[in-house]
Amino acid sequence: MIVKEVNDPSGTGVAVSVGNVGGFLGTSLMQLLSGLVLDWGWQGQVVNGIKFYPLEAFRMAFAACGLVVVAVLVVILIIKETKCKNIYLQCQGNPSRDVQSGC
């Protein structure tokens, strides 16, 4: 987990727990976004008291999921690879924090 590798080793537990919140928060927000997109595409049809969404509304909701996946993939490609080594301590003594050193 990247947060473990770029933070002070004495605070690994806190760093990992804060990092784990992102996955749960992302899942919650994706459910909300999907519901909003479905409601946006709803044409007002109700069958037996239940909203009936057209196929196009589902296509839009899945397209929104696809856009989020693409955005996450772009962020993953931007993140610096640490090769499973904690780089926090080596970056502490590097005031320039240049790309070559990994900081």
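In case you missed it, the structure is sitting above this.
Right, let's walk through the structure included here.

Calculation notes
- Residues numbered from 1 in each chain as written.
- Predicted model: local features only at pLDDT ≥ 70, side-chain atom pairs only at ≥ 80, totals over all residues.
- Heavy atoms only, no water.
- Helix = DSSP H or I, 4+ residues; strand = E, 2+ residues; numbered from the N terminus.
- Contact = heavy atoms within 4.5 Å.
- Buried < 20%, exposed > 50% of the residue type's maximum accessible area, 1.4 Å probe, protein only.
- Core = buried A, V, L, I, M, F, W, Y, C linked by side-chain atoms within 4.5 Å.
- Patch = residues over 30% accessible without salt bridge, like charges linked within 9 Å, V, L, I, M, F, W, Y side chains within 5 Å.
- Areas by Shrake-Rupley, 256 points an atom, 1.4 Å probe, with all protein chains shown as cover.
- Salt bridge = Lys/Arg side-chain N within 4 Å of Asp/Glu carboxyl O.
- Phe/Tyr/Trp six-rings, centres within 6.5 Å; stacked < 30°, edge-to-face > 60°.
- Lys NZ or Arg CZ within 6 Å of the ring centre and 35° of its normal.
- Lys, Arg positive; Asp, Glu negative; His and termini not counted.

As a further point, take the side chain of Thr82. Mapped onto the elements, Thr82 comes out in the loop between helix 3 (55–78) and helix 4 (88–92). Leaving out residues up to four positions away in the same chain, Thr82 has contacts with Ile2, Glu5, Val6 and Ile87.

A few words now on the environment of Cys65. By the element assignment, Cys65 lies in helix 3. For Cys65, a relative accessible area of 26% corresponds to the partly exposed category. For the pair Cys65 and Gln31, spaced 34 residues apart in the sequence, the C-alpha separation amounts to 9.6 Å. The contact partners of Cys65, leaving out residues within four places of it in the chain, are Met30 and Ser34.

As a further point, take the nonpolar core. Counting residues in hydrophobic clusters, the biggest one holds five residues: Val37, Leu38, Ala57, Ala61 and Ala64. Contributing elements (two or more residues each) for this core: helix 2 (12–41) and helix 3. Broken down by element, the residue count for this core peaks at three residues, all from helix 3. Aside from chain neighbours lying at most four places away, what touches Ala57 is Val37, Leu38 and Gly41.

On to a nonpolar patch on the surface, then. A surface patch of nonpolar side chains, amounting to about 470 Å² of accessible area, comprises Leu33, Val68, Val69, Val72, Leu73 and Ile76. Counting residues per element, the nonpolar patch draws most heavily on helix 3, which supplies five residues. Mapped onto the secondary structure, Val69 falls in helix 3. Here Val69 falls in the partly exposed class, since its relative accessible area comes to 48%.

With that out of the way, let us pick up the packing of aromatic side chains. If you walk through the whole model with that rule in mind, you get one aromatic pair. In this structure, Lys51 packs its charged tip against the face of Trp42, placed 4.6 Å from the ring centre.

Okay, the side chain of Glu5 next. Tracing the sequence through the fold places Glu5 in helix 1 (residues 2–5). Buried and unpaired, Glu5 has Lys4 as its nearest opposite-charge partner, separated by 7.5 Å. Residue contacts for Glu5: discarding those within four places in its chain leaves Thr82, Cys84, Lys85, Asn86, Ile87 and Tyr88.

Another aspect to go through is the pattern of salt bridges. A complete count under the given rule lists two salt bridges for this structure. The partner of Asp39 in a salt bridge is Lys51, with the nearest N and O atoms 3.3 Å apart. Taken together, the residues Asp39 in helix 2 and Lys51 in strand 2 (residues 50–51) connect sequence positions twelve residues apart. Residue Glu56 is joined to Arg59 by a salt bridge in which the shortest nitrogen-to-oxygen separation is 3.8 Å. Here Arg59 and Glu56 lie together in helix 3, a separation of three residues that amounts to about one turn.

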